[in-house]
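Close look at the chain arrangement
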Amino acid sequence: MALLNCPECGKEISDQALSCPHCGYPLQQDSMVVVVKKKSPGRGFGIAGLVLGILGVVYSWVFLLSAITGNIQKEMVYFNIPPLLMIAIFGILALVFGIIARKQGHKATKSSAAITMGIITIAACLAILLIAIL
Ligand SMILES: [Zn+2]
């Protein structure tokens, strides 16, 4: 049994209720619509994209700034290419998940944040690779 909000008065009610105990609003047909609306499609993708994006941005930019300021030797950048590739994949996944979430109608702000962080992560990884190669 799940709780949902009455479409009429907004109070929490059982999804099994035939009508709202607070205002008497008839529910049986409407409750299905409410349940479907409550489950935001693409939510999992949006959250996964956001988490991967945050991890990617933090790791890649800490690394990039260290490489730029010379806190990490160029040789160390080479050694760190395998973890960097993983972070680049995080960024790509964040981008893809964000796009899927947006297409499935998930909250635009979260989807856009995942997409943006994915791009920032990929850009940072490319910049680090350039530093390693040059
Ligand atoms: Zn009600």
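If you're wondering where the values come from, they're calculated on a predicted model, not measured in any experiment.

1. A short note on the coordination of the zinc ion
Tetrahedral metal sites with four donors have an ideal angle of 109.5 degrees; octahedral sites with six donors have ideal angles of 90 or 180 degrees. Within the protein, Cys6 (SG), Cys9 (SG), Cys20 (SG) and Cys23 (SG) serve as the donor atoms for the zinc ion, at 2.3 Å. Coordination at the zinc ion is tetrahedral, judged from the 4 donor atoms that bind it and the angles of 105 to 115 degrees they form at the metal. Sequence positions of the donors to the zinc ion reduce to the motif C-x2-C-x10-C-x2-C. Accessibility expressed as a relative area gives 2% for Cys20, which makes it buried.

2. Focus: the side chain of Ser60
Of note, Ser60 is situated in helix 2 (residues 43–69). Here the side chain of Ser60 touches Gly56 through a polar contact of 2.6 Å, landing on its backbone oxygen.

3. So, the confidence of the model for the protein
Low-confidence regions, as indicated by low pLDDT, have predicted coordinates that should not be scrutinised in detail. In this model, the protein carries an average pLDDT of 83, and 88% of its residues clear a pLDDT of 70 or more. Helix 4 (residues 81–103) holds the highest mean pLDDT among the elements of the protein, 90, whereas helix 1 (residues 28–38) holds the lowest, 54.

4. Observations regarding helix 4
Along an α-helix, a turn takes 3.6 residues, which lines up residues three or four apart on a common side. Spanning 23 residues, helix 4 covers 33 Å between terminal C-alpha atoms, matching the ideal 33 Å at 1.5 Å per step. Within helix 4, burial applies to Leu84, Ile87, Ala88, Gly91, Ala94, Phe97, Gly98 and Ala101. Residues of helix 4 that are buried sit in contact with helix 2 and helix 5 (108–133). One or two positions beyond helix 4, positive phi appears at Gly105, with a value near 85 degrees.

Rules of the game
- Residues numbered from 1 in each chain as written.
- Predicted model: local features only at pLDDT ≥ 70, side-chain atom pairs only at ≥ 80, totals over all residues.
- Heavy atoms only, no water.
- Donors = N, O, S within 2.8 Å, 3.2 Å for Na, K, Ca; no water.
- Tetrahedral: all angles 85-135°; square planar, octahedral: opposite > 155°, others 65-115°.
- Buried < 20%, exposed > 50% of the residue type's maximum accessible area, 1.4 Å probe, protein only.
- Helix = DSSP H or I, 4+ residues; strand = E, 2+ residues; numbered from the N terminus.
- Polar contact = N/O pair within 3.5 Å; in protein donor to acceptor, adjacent residues only side chain to side chain.
- pLDDT = per-residue confidence, 0-100.
- Expected span 1.5 Å × (residues − 1).
- Contact = heavy atoms within 4.5 Å.

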